[in-house]
Amino acid sequence: MREPTFLILTALAGGPRHGYGIIGEVNALSAGRVTLLPGTLYTALDRLVAQGHVAHGRDEHVDGRLRRYYRLTPRGQQALETETARLRQLATAAETRLRALRPRTA
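Thresholds, definitions, all that
- Residues numbered from 1 in each chain as written.
- Predicted model: local features only at pLDDT ≥ 70, side-chain atom pairs only at ≥ 80, totals over all residues.
- Heavy atoms only, no water.
- Buried < 20%, exposed > 50% of the residue type's maximum accessible area, 1.4 Å probe, protein only.
- Helix = DSSP H or I, 4+ residues; strand = E, 2+ residues; numbered from the N terminus.
- Arc of directions from axis to C-beta.
- Contact = heavy atoms within 4.5 Å.
- Pairing = 2+ DSSP bridges.

Explain helix H2 (residues 19-29) here, please?
Residues lying three or four places apart along an α-helix face the same way, a consequence of the helix completing one turn every 3.6 residues. Buried within H2 are the following residues: Gly19, Ile22, Ile23 and Val26. Looking straight down H2, one finds its buried side chains confined to an arc of 100°; they lie on one side. With respect to the buried face of H2, the exposed residues turned more than 90 degrees away are Tyr20 and Ala28. For H2, the secondary structure elements touched by its buried residues are helix H1 (3-13), strand S1 (17-18), helix H3 (38-50) and strand S3 (65-72).

What should I look at first to understand H1 in this one?
Of the positions making up H1, those classed as buried are Thr5, Phe6, Leu7, Ile8, Leu9, Ala11 and Leu12. Close packing links the buried residues of H1 with S1, H2, H3, strand S2 (54-62), S3 and helix H4 (74-101). Positioned one or two residues after H1, glycine 15 has a phi angle of 130°, which is positive.

What is the right way to read the pairing of S3 from this model?
As a general feature of sheets, a regular strand has side chains that alternate between the two faces. In the sheet, S1 pairs with S3 via 2 bridges, with the strands oriented antiparallel. Directly across from arginine 17, in S3, lies its bridge partner tyrosine 70. Linking S2 to S3, which pair antiparallel, is a turn of 2 residues; within it aspartate 63 sits at a positive phi near 50°.

Written out as structure tokens, the structure is:
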């Protein structure tokens, strides 16, 4: 799973969000490293909806503009849990090897 996809699913694990809400949450989760453009986000959301990981929630009109909300599905939650476990396992392996490189102090 690519990092932007992981971050989108993580953002939606906090509750339903509209597009710009997802963009802001991804930016916050990544400490500003990942900035999604609207076109990139909506392409990813279309793919995630097609995969059954995300569902369209509700629409609302704000200042004459449509806000479409998205939510994480049970399938999306499972995908996020699986990817989180995979990343944790990789991070643990890296930490173990890095510890072996550190000089030992008495």
